[in-house]
Amino acid sequence: MKTYICGHRNPDTDSITSAYALADLRRRTGMAEVEAICAGRLTARAKWVFDHFGAQPVRAKRDVYVRVRHLVDASVPMIDADMCLVDALRKLEASGESSLPVRGRDGRFVGMLSPAKLLNLFLSRGDLTIPVSRAPLHHCSIVLNESDPVHDIRLQAIRSSHNHFPVVDENGMLLGTVLKRAFAEEPPFRMILVDHNETDQGIPGLEEVPVIEVVDHHRIAFAATKEPIRYTADVVGSTCTLVARMFRAAGERPTRETAGILIAGIVSDTLLFQSPTTTDVDRAMCTWLEKLCGESAEKIMEGLFSVDSPLMSMSAEQAVVSDAKTYSEGGKKFMLGQIEETNMALFHQNADELAAAMDDVISKNRLDFFALMCTDPVRGNSELIFRGSEAVRKALPYRKSEHGTLLMPGVMSRKKQLLPEVLSALS
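It should be emphasised that the depicted structure is a prediction, and the values quoted were computed from it without experimental measurement.

Undergrad: Mind showing me how you'd approach the pairing of strand S15 (residues 369-376) here?
TA: Two faces belong to every sheet, and in a regular strand the side chains alternate between them. With eight of eight residues buried, S15 is to be regarded as a mostly interior element. When strand S14 (residues 332-340) meets S15, the two strands line up parallel, connected through seven bridges. Paired with Gln338 across the two strands is Met373, which belongs to S15. As paired elements, S15 and strand S16 (residues 381-388) share eight bridges and run antiparallel to each other. Residue pairing in the sheet places Asp376 in a bridge with Asn381 of S16. Where S15 folds back onto S16 in an antiparallel hairpin, the turn is made up of four residues, including Gly380, whose phi is positive at roughly 75°.

Shown next as structure tokens:
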């Protein structure tokens, strides 16, 4: 069974690199068919990391909804319209199915071959040497498209009198058959979550897929599971720190490439150990990884910040959600975003455009408020644009700047410094 490893939506460098490294570890320790994916657009800085270390970037994936194509049963045969009817009937009998889908010369679905539909032909002519294309076929009332989300058609399929359904692509080409029982079976893949544990922050479709493992360094707000799962969590500055420690616990040494990719995740999330979330464990794991990689954390951090900031490389609409997480707390739904920018003047110049984009996000996602934190890792300060609930904004302990933003002196961590203040304001 396929297992996806994925970070949160709008992923940052730590989320993407920890997924890549954990997939490497899980393959080494015996997990078959495991793939690291990215829940959204691969950031420019993450792309730099993979390019720098000559590694294949993780695949961007919009969702993990179970779709009809995932349920196609390869063991159910198809009938070619040119096949002799008698041979087709023998194939039907051998399959054990009540009917089989028929495809024309062009590969398109043309109908279902069913003995009941052939009864009149047998009574009137008894000619079984004709091609299937000349025989009466049953036109199935439910023809599924491969891209249909299963949750959209499950009820209709279960209530149908048919036991299986033909599946076609966007061009009507026959791809195979889905058996009715497939709609009651477990999804054909599983999930491992890194750098988050809240479903609202996960890739769309996560709620439909079994989660078998979590590796995270945030607060725990995970939904109940049917069975016990592996859960690795600790108070550290980066998920990559946890993955590096898991390598050591398993007696495995990351390759040079994986070690460098892990360092990139650690220094980006701890802001080269300046963030208040930084721990001695982050430093110790990074020192170990530097020996395996042959590059210093400082050099990798310089490379990361040589890449244009989101304010330079993205539109305002993309920038505000480039590293944003959704939370539900105290009856409120909100987003907290973060941008790292050493040129705060650029942030001030774009503040109005960013605020307008945040208003659109609030409207589209039905949020109560949205706070975007711009962090200067060199000076160790942040500023905040807040849109939405005025009551929450007034309850935050930040004063306005001359630019209209909220000043956050000494604040560098969304997780450890901003989120607790927001939760306190809500309470």
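Having seen the structure, we can now continue with the description.
Undergrad: Just checking my understanding: could you explain the sheet that holds strand S4 (residues 79-80) for this structure?
TA: Across a sheet, paired strands are connected by hydrogen bonds in the backbone, their directions being either parallel or antiparallel. Spatial strand order, S4-S5-S6: three strands in an open sheet with mixed pairing. If you trace the sheet from one side to the other, it starts and ends with S4 and strand S6 (109-113), each paired once. Pairing of strand S5 (residues 100-103) with S6, which is carried by four bridges, proceeds in the antiparallel orientation. Note on S6: the bridge partner recorded for Arg103 is Phe109.

Undergrad: Which parts of the structure should I look at to understand helix H6 (residues 239-249)?
TA: Every α-helical turn comprises 3.6 residues, leaving residues that sit three or four positions apart pointing alike. Of all the 11 residues making up H6, eight are buried; the element is thus mostly covered by neighbouring parts of the structure. Residue Ser238 occupies the N-cap position of H6, its side-chain oxygen lying 3.0 Å from the main-chain nitrogen of Cys240.

Rules and cut-offs
- Residues numbered from 1 in each chain as written.
- Predicted model: local features only at pLDDT ≥ 70, side-chain atom pairs only at ≥ 80, totals over all residues.
- Heavy atoms only, no water.
- Buried < 20%, exposed > 50% of the residue type's maximum accessible area, 1.4 Å probe, protein only.
- Helix = DSSP H or I, 4+ residues; strand = E, 2+ residues; numbered from the N terminus.
- Pairing = 2+ DSSP bridges.
- Polar contact = N/O pair within 3.5 Å; in protein donor to acceptor, adjacent residues only side chain to side chain.

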